[in-house]
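Structural overview
Okay, here's what each chain looks like letter by letter:
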Amino acid sequence: MVVKTVRGTSDILPSDVSTWQALELVSRNLLEAYDYREIRTPIFEQAGLFQKSVGECTDIVSKEMYIFSDKKGRELALRPEGTASIVRSFIEHNMHTQTLPVKLYYMGPFFRYERPQAGRTRQFHQIGAEAIGIEDVTLDAEIIDISMQIPSKMGIKNLKVMLNSIGCKECRSKYVKRLLGHLKNRIKKLCADCNRRYSTNPLRILDCKKSECIQNVKDGPTITENLCAKCRNKLETTEKHISSLGINYQIQPYLVRGLDYYTGVIFEIIHSQLGAQNVVAAGGRYDNLIEQMGGKPTPAVGFAAGIERMIMLLGDRSFQSNNSVYLAYLDFPMHEKVFELLSALRKNGIHTKTTYQEKTLKNQLKTAAKSNCRFSLILGTNELSKGTVILRDMKTSTQEEIKLDNAVAIIKKNIPLVSPEAKPSPFKVGIKADHFVDVNKMIKPGS
Ligand SMILES: [Zn+2]
Ligand SMILES: [Zn+2]
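Bear in mind that the values here come from a model prediction, so they are computed numbers and not experimental data.

Describing the overall build of the protein
Counting secondary structure elements, the protein contains 15 helices and 16 strands. Overall, the protein is about 95 × 55 × 45 Å in size when its C-alpha atoms are taken along their principal axes. Buried residues in the protein amount to 39% of all 447 residues. Taking the intrachain contacts of the protein between residues at least 6 apart in sequence as the baseline, contacts between residues at least 24 apart amount to 70%.

In structure tokens form, the structure reads like this:
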């Protein structure tokens with residue numbers, strides 16, 4: 001039997017990776033412009049971390065977590081979301097002593113045992129950020145702004161922010177009492193999950209997707225109408241901030257989010273084209289979590305965006321570079337001079353393709369055209385003896401003979417290389433994201 005990928009996981013093949021890299025690059029540049037720094041936490045943690053933070057009663061923890069025992073019998077879990085690990089790390093490394101807010105971002109794989117469907121996989125990837133240590137609605141607005149900008153900068157349109165507040169401890173507990181009162185005589189009409197939620201996590205009844213639950217909730221009180229003055233003011237200020245940025249938003253009184261740790265302003269960014277799994281990014285404020293996890297009382301706000309969903313929305317838009325060069329040669333095996341040129345091009349950060357087996361020139365140029373190369377360099381023993389090389393413009397199909405010694409410089413001049421200064425969004429000019437990393441380390445010819 002041939003071994004295949006595990007259900008709910010998939011390979012991200014080279015043909016798709018350029019889109020992932022472009023998205024990652026755009027996100028990094030954007031998050032760093034907003035003064036967030038990357039943090040990389042382990043893929044697995046003690047299972048208790050998520051039980052304590054995300055909440056025992058949430059679907060994520062009660063049904064969807066990959067829990068396993070290691071050889072010493074420790075109960076571990078593959079991380080189902082990003083915030084819990086960051087909070088753990090914040091406390092473990094005494095980050096409260098740093099200048100606040102501590103602004104952190106992450107990207108990577110997460111794991112939930114769910115029924116796989118379009119936009120939902122068991123290994124999925126997220127980009128997220130957390131601003132920890134200051135309670136200021138400007139940060140809430142900033143987080144919403146960033147979660148809108150990441151997909152927008154990639155060219156995804158028609159995004160909408162659904163906004164709500166689930167209040168503070170005081171107004172929320174008052175509201176929950178009112179909600180329970182409203183639902184008391186309707187419990188039998190609610191779905192089985194909501195019957196359970198009625199005693200464990202009544203707020204979650206509000207965002208149940210079952211029609212019988214929607215029916216029974218919609219004429220009841222909403223949290224938005226029952227906020228205390230302070231919480232109402234924070235929601236309204238957030239609204240003012242995001243509308244000043246021209247962000248398209250709507251108050252959604254039934255929005256509560258699936259995790260227990262949220263407090264105050266919460267949001268989802270949705271795209272209608274995604275169907276049932278329409279949330280591109282989501283987040284909100286979680287002012288009690290750090291204290292609940294054993295740290296000092298510390299306010300925080302954050303978001304996470306689903307990479308697979310953004311990739312789906314990008315469809316077949318290509319982020320592949322057409323700034324590569326094809327080195328074609330006529331006389332086999334490869335002469336040292338050709339090998340030197342090949343290496344010099346690459347050391348200068350020029351994406352260079354070639355053949356490693358004997359092929360006709362026609363065949364090589366065909367490959368160059370097919371792989372969207374911008375130029376071809378053609379040389380055989382004839383050119384080598386003269387110290388020249390033929391430069392072929394693959395767009396115009398014109399060619400000229402140039403000095404072999406000038407080849408690298410000419411190519412460099414005509415192919416825009418990405419440098420770290422070129423931030424943000426260098427992919428827009430068709431440059432492969434992976435050039436980005438090497439530019440500083442490039443060796444100049446002759447050095
Ligand atoms: Zn309140
Ligand atoms: Zn329900």
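From this point on, the discussion continues.
As for the confidence of the model for the protein
Predicted coordinates in regions of low pLDDT should not be interpreted in detail. Summary statistics for the protein give a mean pLDDT of 90 and a share of 93% for residues scoring 70 or more. Predicted confidence is poor over residues 418–447, with pLDDT under 50, and the contacts of this stretch with residues over four places away or in other chains come to 50 contacts.

Notes on the sheet that holds strand E14 (residues 375–379)
Sheet architecture is open: five strands sit in the order E13-E12-E14-E15-E16, paired in mixed fashion. Because the sheet does not close on itself, it has two edges, and the strands there are strand E13 (352–354) and strand E16 (398–403). Across this sheet, the average inter-strand angle for adjacent strands is 25 degrees, counted without regard to direction. Across four bridges, the pairing between E14 and strand E15 (residues 388–393) is antiparallel. By the bridge assignment, isoleucine 378 is partnered in E15 with isoleucine 390. Running at roughly 175 degrees to strand E12 (residues 325–329), helix H13 (residues 361–370) makes contact with E12 and E14 of the sheet.

Re the sheet that holds strand E6 (residues 123–132)
Across the sheet, eight strands lie side by side as E1-E5-E6-E11-E10-E9-E7-E8; this open sheet has mixed pairing. The sheet terminates laterally at strand E1 (37–38) and strand E8 (249–251), the two strands that pair on one side only. As paired strands, E6 and strand E11 (residues 300–306) are joined by seven bridges and run antiparallel to one another. Residue pairing for E11: isoleucine 132 is matched across the bridge by alanine 300. Strand contacts of helix H5 (residues 137–153): E6, strand E7 (160–165), strand E9 (265–270), strand E10 (279–285) and E11, with the helix running at about 10 degrees to E11, the strand carrying the most contacts.

Side note on the pairing of E12
For E12, the tally of buried residues reaches five of five residues, placing the bulk of the element in the interior. Note that the unit made of E12, helix H12 (residues 336–347) and E13 has a crossover that is right-handed. Across five bridges, the pairing between E12 and E14 is parallel. Along E14, the bridge assignment pairs alanine 328 with isoleucine 378.

Notes on the packing of helix H1 (residues 14–33) against H5
Viewed as axis vectors pointing N to C, H1 and H5 meet at an angle of 145 degrees, and their least axial separation amounts to 9 Å. The two elements H1 and H5 cross, and the hand of that crossing is right-handed. Facing H1, whose interface residues are Val26, Ser27, Leu30 and Leu31, H5 presents Ile146, Gln149, Ile150 and Lys153. Tallied by class, residues from the contact of H1 with H5 come to five nonpolar, two polar and one charged.

Some points on the environment of asparagine 288
By the secondary structure assignment, asparagine 288 is in the loop between E10 and helix H10 (289–292). What makes asparagine 288 partly exposed here is the crowd of 19 C-beta atoms within 10 Å. The spacing of asparagine 288 and cysteine 168 is 120 residues in sequence and 9.6 Å in space, taken between C-alpha atoms.

A closer look at the domain arrangement of the protein
One can read the domain layout of the protein as domain 1 (14–168 + 228–314) and domain 2 (325–441). Just the C-alpha atoms count here: the centres of domain 1 and domain 2 sit 43 Å apart.

Structural notes on unusual backbone geometry
The linkage connecting leucine 100 with the following residue, proline 101, adopts the cis geometry, with an omega of 0 degrees. One can find proline 101 in the loop between helix H4 (83–92) and strand E5 (102–111). The backbone of serine 397 sits at a positive phi, close to 55 degrees, despite the residue not being glycine. When the 9 C-beta atoms within 10 Å are taken as the criterion, serine 397 is described as exposed.

Criteria and cut-off values
Residues numbered from 1 in each chain as written. Chains lettered and ligands numbered in written order. Predicted model: local features only at pLDDT ≥ 70, side-chain atom pairs only at ≥ 80, totals over all residues. Helix = DSSP H or I, 4+ residues; strand = E, 2+ residues; numbered from the N terminus. Buried ≥ 20, exposed ≤ 12 C-beta atoms within 10 Å, placed from the backbone. Contact = placed C-beta atoms within 7 Å. pLDDT = per-residue confidence, 0-100. Pairing = 2+ DSSP bridges. Axes fitted to C-alpha atoms, helices over the stretch in contact; angles between N-to-C directions. Right-handed = clockwise from strand over helix to strand, strands pointing away. Left-handed = near helix turned anticlockwise from the far one by under 90°. Nonpolar A, V, L, I, M, F, W, Y, C, P; charged D, E, K, R; others polar. Domains from an automatic or database assignment.

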